[in-house]
Amino acid sequence: MSIYDEKLSIVMPAYNEGKKIYNNLLKTVEIVGGFHKNFEIVAVNDGSVDNTEKEIKRAEEADRHIIAVSYTPNGGKGKAIKEGVLKATGDYIAFLDSDLDLSPNHLDLFLSKMEETGAEAVIGSKLHKDSRVDYPKRRKVMSVGYYVILVILFHLPVKDTQTGVKLFRGDILKRIIPKVHSTGYAYDIEILANISRLGGKIEEMPIVLEFQRENRWGRIRMKDIWQVTEDTIKVFKAIHRKR
């Protein structure tokens, strides 16, 4: 059976995306439907204080592929991903940022790569030599610096853990996700470190990134940078204890 015959779940976390989330969800359905027929989109409202929840539910009513998940208060992107994965029913589970800075089209190539290599995870990388990124220079420096930290602490065979498009085998992700404790940006590292620890294969793919937000730093603030650092150290200690 081809990977394209099996069910794909796409988890899309959203926080205060009320202005765009309805159209972005329907656009994702249209794009994914062009290369995969058996899929669902799990749209997770992470305690938004605008009309994001209402707009996600409106999209759910407009298209059967969309499943709305919502909770309060805001818990962080890691919590949103975890809630979405627990709701997902696919044989393969993808993460996709709801702002669509990264096109859903990436998942077509990711599925092909997973089928070709038998990898447990295929992830997008801003640092891949073939990636094309419209990205603030300061955030590029941050990405490289964070890569150095990951090499030192985790010895992960990847250059970029933070890009918002990823694909996983559903069985291994479902096995790992209940044990993921990070609710912030470090959740990616915790998932990938656990896959690596279990001997899973991780493949990196180039991406095309078109930064959409008026604020070129997006949602990242100085306190977020500190929180990522703190969460990363916590993940390292947790992984080290398991070993």
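Before going into details, it helps to say that this report is about the structure given with it.

What counts, and where the lines are drawn
- Residues numbered from 1 in each chain as written.
- Predicted model: local features only at pLDDT ≥ 70, side-chain atom pairs only at ≥ 80, totals over all residues.
- Heavy atoms only, no water.
- Helix = DSSP H or I, 4+ residues; strand = E, 2+ residues; numbered from the N terminus.
- Expected span 1.5 Å × (residues − 1).
- Buried < 20%, exposed > 50% of the residue type's maximum accessible area, 1.4 Å probe, protein only.
- Arc of directions from axis to C-beta.
- Contact = heavy atoms within 4.5 Å.
- Salt bridge = Lys/Arg side-chain N within 4 Å of Asp/Glu carboxyl O.
- Axes fitted to C-alpha atoms, helices over the stretch in contact; angles between N-to-C directions.
- Left-handed = near helix turned anticlockwise from the far one by under 90°.
- Nonpolar A, V, L, I, M, F, W, Y, C, P; charged D, E, K, R; others polar.
- Phe/Tyr/Trp six-rings, centres within 6.5 Å; stacked < 30°, edge-to-face > 60°.
- Pairing = 2+ DSSP bridges.

Along an α-helix, residues three or four apart share an orientation, since each turn contains 3.6 residues. Helix length check: helix α4 (residues 106-117) (twelve residues) gives 17 Å between terminal C-alpha atoms against 16 Å at 1.5 Å per residue, within 8%. Within α4, burial applies to His106, Leu107, Phe110, Leu111 and Met114. Looking down the long axis of α4, one finds its buried residues gathered within 130° of arc, a one-sided arrangement. Opposite the packed face of α4, turned more than 90 degrees from it, sit the exposed residues Leu109 and Glu116. Looking at the packing, one finds that the buried side of α4 touches β1 (8-14), β4 (92-96), β5 (121-125), β7 (165-169), β8 (202-206) and β9 (208-210). Once α4 finishes, Gly118 follows within two positions and takes phi at roughly 75°, a positive value.

Under the definition given, this model contains eleven salt bridges. Where Lys79 meets Glu83, a salt bridge forms, and the shortest distance between an N and an O atom there is 3.5 Å. Of this pair, Lys79 and Glu83 both sit in helix α3 (residues 77-87), four residues apart, which is roughly one turn of that helix. On the basis of relative accessibility, which here comes to 29%, the residue Lys79 falls in the partly exposed class. Measuring nitrogen to oxygen at the nearest pair gives 3.5 Å for the salt bridge that ties Glu203 to Lys201. The exposure class assigned to Lys201 is partly exposed, which follows from its relative accessible area of 38%.

A word on the packing of helix α1 (residues 21-32) against helix α2 (residues 52-62). At their nearest, the axes of α1 and α2 sit 8 Å apart, and the two run at 35° to each other. Here α1 runs over α2; the crossing is right-handed. Facing α1, whose interface residues are Ile21, Tyr22, Leu25 and Leu26, α2 presents Thr52, Glu55, Ile56, Arg58, Ala59 and Ala62. Residues that form the contact of α1 with α2 fall into these classes: seven nonpolar, one polar and two charged.

This part takes up the packing of aromatic side chains. Pairs of aromatic rings are described using the distance from one ring centre to the other and the angle between the two planes. Applying the stated rule across the entire model yields two aromatic pairs. Ring centres of Phe95 and Phe168 lie 4.9 Å apart, and the angle between their planes is 50°; this geometry places the pair in the tilted category. Taken together, the residues Phe95 in strand β4 and Phe168 in strand β7 connect sequence positions 73 residues apart. Relative accessible area serves as the criterion here: at 1%, Phe168 is assigned to the buried category. With a centroid separation of 6.3 Å and 50° between ring planes, the pair formed by Phe95 and Tyr187 is classed as tilted. Residue Phe95 is located in strand β4, and its partner Tyr187 is located in helix α7 (residues 187-197); the two are separated by 92 residues in the primary sequence. Each of the two residues, Phe95 as well as Tyr187, counts as buried. The structure contains a cluster of three or more aromatic residues connected by ring pairs, namely Phe95, Phe168 and Tyr187.

Below, the discussion takes up the pairing of β1. Counting buried positions along β1 yields seven of seven residues, so the element is predominantly enclosed. Burial along β1 is two-sided: the face carrying Leu8, Ile10, Met12 and Ala14 and the face carrying Ser9, Val11 and Pro13 are both buried. Two strands pair when backbone bridges link them, and β1 and strand β2 (residues 39-46) are joined in this way by seven bridges, in the parallel orientation. Opposite Pro13, over in β2, you have Val44 as the bridge partner. Here β1 runs beside β4; their pairing, made up of four bridges, is parallel. Counterpart to Ser9 in the pairing with β4 is Ile93.

Counted residue by residue, β7 has four buried out of five residues, so it is predominantly covered. By the bridge criterion, five bridges tie β4 to β7 in an arrangement that is antiparallel. Residue pairing across strands places Leu96 opposite Val165, the latter belonging to β7. Taken together, the three bridges between β5 and β7 define a ladder with antiparallel strand orientation. Counted as the bridge partner of Val122 is Leu167 from β7.

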